[in-house]
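Results of the structural survey
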Amino acid sequence: HIAQLDATLGAIALVYHRLGDSTAAVTLFGACDKLRQELGVALSPANRTEQEEHLADMRAQLGHAAFERAWAKGQAMPCDEAIKMAQGT
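All residue numbers refer to positions counted from 1 along the written sequence of the respective chain. Given that this is a predicted model, residues contribute local features only at a pLDDT of at least 70 and side-chain atom pairs are listed and counted only at 80 or more, while totals for whole chains, interfaces and linings are drawn from all residues. Excluded from the side-chain calculations are hydrogens and water; all other atoms, namely the structure's heavy atoms, are used.

Here a salt bridge means any side-chain nitrogen of Lys or Arg lying within 4 Å of a carboxyl oxygen belonging to Asp or Glu. Taken as a whole and assessed by the stated rule, the structure comprises 3 salt bridges. K34 serves as the salt-bridge partner of E38, at 3.7 Å between the closest nitrogen and oxygen. Residue E38 and its partner K34 are both found in helix α2 (residues 22-39); the two are separated by 4 residues, about one turn of the helix. In this structure, the salt-bridge partner of R59 is E68, at a minimum N-O distance of 2.9 Å. A relative accessible area of 30% means that R59 is categorised as partly exposed. Accessibility here uses a 1.4 Å probe with only protein chains present; expressed as a share of the type maximum, an area under 20% marks a residue as buried, one over 50% as exposed, and anything in between as partly exposed. Since its relative accessible area comes to 32%, E68 is described here as partly exposed. The way it works is that DSSP assigns letters per residue, a run of H or I at least four long becomes a helix, a run of E at least two long becomes a strand, and they are numbered from the N terminus.

Rendered as structure tokens:
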């Protein structure tokens with residue numbers, strides 16, 4: 001179930017990015033990363049490479065400081081709050 005949640009949040013983060021809201025995308029990616037760390041779950045090498053490419057693009061769009069703020073917000077976000085954010089509520 002956790003892997004599905006992580007994949008779903010990651011997919012929604014990509015949708016936010018493609019819709020032009022890279023701040024929300026980075027926040028959700030940060031929340032996903034925290035969830036994986038807490039559970040000791042790693043991304044596959046292919047998924048890690050793809051995510052790193054997306055994150056690099058978002059860092060370039062947002063700038064370093066804004067990216068770091070969004071990432072830190074996601075890292076501090078409780079899982080239920082990340083789910084609400086992904087639901088748009």
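Anyway, onward from the coordinates.
Below, the discussion takes up the packing of aromatic side chains. Each Phe, Tyr or Trp ring (for Trp, its six-membered ring) is paired with any other whose centre lies within 6.5 Å, and the angle between the two planes then decides the class: stacked below 30 degrees, edge-to-face above 60, tilted in between. Tallying each qualifying case throughout the model produces 1 aromatic pair. Measuring from centroid to centroid gives 6.2 Å for F67 and W71, while their planes differ by 10 degrees, and the two rings are stacked. You can see F67 and its partner W71 sitting in helix α4 (residues 64-76), 4 residues apart, about one turn around the helix. With respect to class, F67 is no different from W71; both count as buried.

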